[in-house]
Amino acid sequence: MNFKTLTELHNFYDEASKCDLKKTATQAVFGAGNPESKIVFIGEAPGKKEDELGVPFVGAAGKFLDEMLAEIKMNRSDIYITNTVKYRPTENRDPTDEEKEACKEWLYEELNFIKPKLIVFLGRHAMNTFFPVEKISEVHGKILSKKFLNLDTQNFFALYHPAAALYNGGMRETLMKDFKKIPLFFARQ
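Asker: Help me understand the side chain of arginine 88, please; the structure alone is not making it clear to me.
Answerer: Counting through the fold element by element, arginine 88 comes out in the loop between β3 (80-83) and α4 (97-114). Among the polar contacts listed, one links the side chain of arginine 88 to the side chain of asparagine 92, at a separation of 2.7 Å.

Right, here's the structure in full:
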């Protein structure tokens, strides 16, 4: 497809979506931020607050993400953030493989429109969409490189999901330490 804007891309895929989550969600939650960013963050799915407002990462996990961005001298206007699925799973459950697959083309088109140098996974569900056999406990804080057939970007960085730090204080330190490695990737480019 040849979209002129991200809004056009999102509207097309929202209209065409066959994802079952669309039936129970309030609305699609499109990606947000800088469409010319060199970095894209991918979460797993919208939560309750995101479903209400139509914007990714606006709840407690989003506030922690903003904190981590500030630590590396960035903010939301510097990045682009999206989710593997665009509709909220009921009860905030994990998205199924079928639901992720239903949104995969949409996600790939979104990423290819932006053409980031680095894709950062926020949590295992986002990571497993691209690297199904990797374990987040083994690869967090590391660059993963892989050429995908329908994706321009080849560099990926795995992080624990910011929500994990909200429930586990020890995770907060690990996440902050890993997050501070992001500028090092760009320093080497």
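Asker: Explain the nonpolar core here, please?
Answerer: What tends to happen in soluble globular proteins is that the nonpolar side chains get buried as a cluster. Membership of the largest hydrophobic core comes to 58 residues, with the highest contact counts inside it found for Phe41, Phe130 and Ile182. Top element by residues in this core is α4. It accounts for 6 residues. Every residue in contact with isoleucine 182, bar those within four places of it in the chain, is listed here: Ile39, Phe41, Ile72, Leu118, Val120, Phe157 and Leu159.

Asker: Help me out: how do you make sense of the packing of aromatic side chains in this one?
Answerer: Using the criterion set out here, one finds 17 aromatic pairs in the structure. Seen from their ring centres, tyrosine 87 and tryptophan 106 are 6.0 Å apart, and the 70 degrees between their planes marks the pair as edge-to-face. Residue tyrosine 87 is located in the loop between β3 and α4, and its partner tryptophan 106 is located in helix α4; the two are separated by 19 residues in the primary sequence. With relative accessibility at 2%, the residue tryptophan 106 sits in the buried group. Relative to phenylalanine 156, the ring of phenylalanine 130 lies with its centre 5.8 Å away and its plane at 35 degrees, an arrangement referred to as tilted. Of this pair, phenylalanine 130 sits in helix α5 (residues 124-130) while phenylalanine 156 sits in strand β6 (residues 155-159); the two residues are 26 residues apart in sequence, bridging distant segments of the chain. The same class applies to phenylalanine 130 and to phenylalanine 156, which are both buried. Among the aromatic residues, those joined into a cluster by ring pairs are Phe3, Phe12, Tyr13, Phe30, Tyr87 and Trp106.

Asker: Sorry if this is basic, but what is going on with the pairing of strand β4 (residues 118-122) here?
Answerer: Every regular strand shows the same layout, with side chains that alternate between the two sheet faces. Most of β4 sits inside the fold, with 5 of its 5 residues counted as buried. Across the two faces of β4 the burial is the same, with Leu118, Val120 and Leu122 and Ile119 and Phe121 all buried. As defined by bridge partners, strand β2 (residues 39-43) adjoins β4 across 4 bridges and the pair is classed as parallel. Bridge assignment links isoleucine 42 to a residue of β4, and that residue is phenylalanine 121.

Asker: What should I look at first to understand the pairing of β3 in this one?
Answerer: Both faces of β3 are covered, namely the face carrying Tyr80 and Thr82 and the face carrying Ile81 and Asn83. For strand β1 (residues 32-33) and β3, the ladder comprises 2 bridges, and the chain directions are antiparallel. Directly across from glycine 33, in β3, lies its bridge partner tyrosine 80. Sheet topology note: the β2/β3 ladder contains 4 bridges and is parallel. Bridging from a neighbouring strand, valine 40 pairs with tyrosine 80 of β3.

So, how was this worked out
- Residues numbered from 1 in each chain as written.
- Predicted model: local features only at pLDDT ≥ 70, side-chain atom pairs only at ≥ 80, totals over all residues.
- Heavy atoms only, no water.
- Helix = DSSP H or I, 4+ residues; strand = E, 2+ residues; numbered from the N terminus.
- Polar contact = N/O pair within 3.5 Å; in protein donor to acceptor, adjacent residues only side chain to side chain.
- Core = buried A, V, L, I, M, F, W, Y, C linked by side-chain atoms within 4.5 Å.
- Buried < 20%, exposed > 50% of the residue type's maximum accessible area, 1.4 Å probe, protein only.
- Contact = heavy atoms within 4.5 Å.
- Phe/Tyr/Trp six-rings, centres within 6.5 Å; stacked < 30°, edge-to-face > 60°.
- Pairing = 2+ DSSP bridges.

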